[in-house]
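One letter stands for each residue in the lines below.
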Amino acid sequence: IENDSFLTTKKNAVALRLSNLRREVYFGFDYLNRDNMDNYDYYVPRVIKQIQLSDGTLFPFNPEDLSIATALRLVSNDNCIMFCGVRNRANQLMERIVTLKRLGLDISALSERNNSDEQTKIMRLIELEYGNTSNYYEAARDGVFVHHAQISDGIKSCLEYAIQKSDISCLICTSTLSQGVNM
């Protein structure tokens, strides 16, 4: 707060475009101009080569996979928060990551920067709340955490603290995150 007004955190609005040609997924980040949302400030093209998973399917295959592939690339440099409109979508994204690991995708980048002690503590809370056979626990073991209205308040508070302190680096969430923390 400065004087009598609130200062907002500067964020970039990004639209993700996808096209699939010759087993390569081409996508780009369109950074939108805040003053004129019909114009793009700049465009950053990227290419992700598709890989075949153990069941014969390709990754990335769809926009959901593209979000995961983008997180795998970005998380080595900074925290990655994937916002979803509803909790079911957040859970589906988490479950897809768990499935991709089972199919042989290397997702180790999602936990490489984590504080292992803090990750273990959060995993223990998740185990106490949801059990060690839940998808939440399995995802947490791999460094992926979920924050939405159906997650217990204690775990949400821990996740908010951990992402602020960079103790965890990958968080899938709904708007509940903005209710508990100012990113």
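Residues numbered from 1 in each chain as written. Predicted model: local features only at pLDDT ≥ 70, side-chain atom pairs only at ≥ 80, totals over all residues. Heavy atoms only, no water.

## Some points on the overall build of the protein chain
Stated precisely, the cut-off is as follows: The way it works is that DSSP assigns letters per residue, a run of H or I at least four long becomes a helix, a run of E at least two long becomes a strand, and they are numbered from the N terminus. Under the scheme applied here, a residue whose accessible area is under 20% of the maximum for its type counts as buried, over 50% as exposed, and between as partly exposed, the area being computed with a 1.4 Å probe on protein chains only. Residues are treated as being in contact if the distance between any of their heavy atoms lies within 4.5 Å. Throughout, the Shrake-Rupley method with a 1.4 Å probe supplies accessible areas, and for residues the shown protein chains are the sole cover considered.
From N to C terminus, the protein chain includes 6 helices and 8 strands. Written out in order from the N terminus, the α and β elements of the protein chain read β-β-β-β-β-α-β-α-α-α-β-α-β-α. Residue burial in the protein chain is summarised as follows: out of 183 residues, 41% are buried. Partitioning the intrachain contacts of the protein chain with sequence separation of at least 6 by distance along the chain shows that 55% fall at a separation of at least 24. When the accessible surface of the protein chain is summed, it comes to about 10,800 Å², and 47% of that surface belongs to carbon and sulfur atoms.

## Overview of the sheet that holds strand 7 (residues 145-147)
The line we're drawing: Two strands pair under a simple rule: DSSP has to find at least two bridges between them. Each axis is a line fitted through C-alpha atoms, taken for helices only over the stretch in contact, and angles between the N-to-C directions span 0 to 180 degrees.
Across the sheet, 3 strands lie side by side as 6-8-7; this open sheet has parallel pairing. In the strand order of this sheet, the two ends are held by strand 6 (80-83) and strand 7, each with one partner. Neighbour-to-neighbour, the strand axes of the sheet open up by a mean angle of 25 degrees, direction not taken into account. Along the sheet, helix 2 (residues 87-102) contacts strand 6, strand 7 and strand 8 (170-173); its crossing angle with strand 8, the most-contacted strand, is approximately 145 degrees. The sheet strands contacting helix 5 (residues 153-164) are strand 6, strand 7 and strand 8, and the helix crosses strand 7 at an angle near 115 degrees.

## Some remarks on unusual backbone geometry
Of note, the amide linkage connecting Phe59 to Pro60 takes the cis form, showing an omega dihedral of -10 degrees. Along the chain, Pro60 falls in the loop between strand 5 (58-59) and helix 1 (63-74). Positive phi, close to 60 degrees, is recorded for Ser166, a residue that is not glycine. Residue position: Ser166 is located in the loop between helix 5 and strand 8. For Ser166, a relative accessible area of 31% translates into the label partly exposed.

## Concerning the pattern of salt bridges
Convention followed: Every case where a carboxyl oxygen of Asp or Glu lies within 4 Å of a side-chain nitrogen of Lys or Arg is listed as a salt bridge.
For the structure shown, the criterion picks out 7 salt bridges. The shortest N-O distance in the salt bridge between Asp142 and Lys101 comes to 2.8 Å. Of the two residues, Asp142 is situated in the loop between helix 4 (135-141) and strand 7 and Lys101 in helix 2; the sequence distance between them amounts to 41 residues. Using a relative accessible area of 37% as the deciding quantity, one classes Lys101 as partly exposed.

## Quick word on helix 5
Quick note on the threshold: By this rule, a helix spans an expected 1.5 Å times one less than how many residues it contains.
Between its first and last C-alpha atoms helix 5 spans 17 Å; for 12 residues at 1.5 Å apiece the expected length is 16 Å, and the two agree. Listing the buried residues of helix 5 in full gives Ile155, Lys156, Leu159, Glu160, Ala162 and Ile163. Just past helix 5, the residue Ser166 takes up positive phi, approximately 60 degrees.

## What to know about the confidence of the model for the protein chain
What counts here: As a per-residue quantity, pLDDT reports the predictor's confidence and falls between 0 and 100.
Residues of the protein chain with pLDDT of at least 70 account for 72%, and the chain-wide mean is 80. Per-element confidence in the protein chain ranges from a low mean pLDDT of 50 for strand 1 (residues 14-21) to a high of 97 for helix 3 (residues 116-130). Low pLDDT, under 50, characterises residues 6-15; the predicted model gives this stretch 17 contacts beyond four residues in sequence or across chains.

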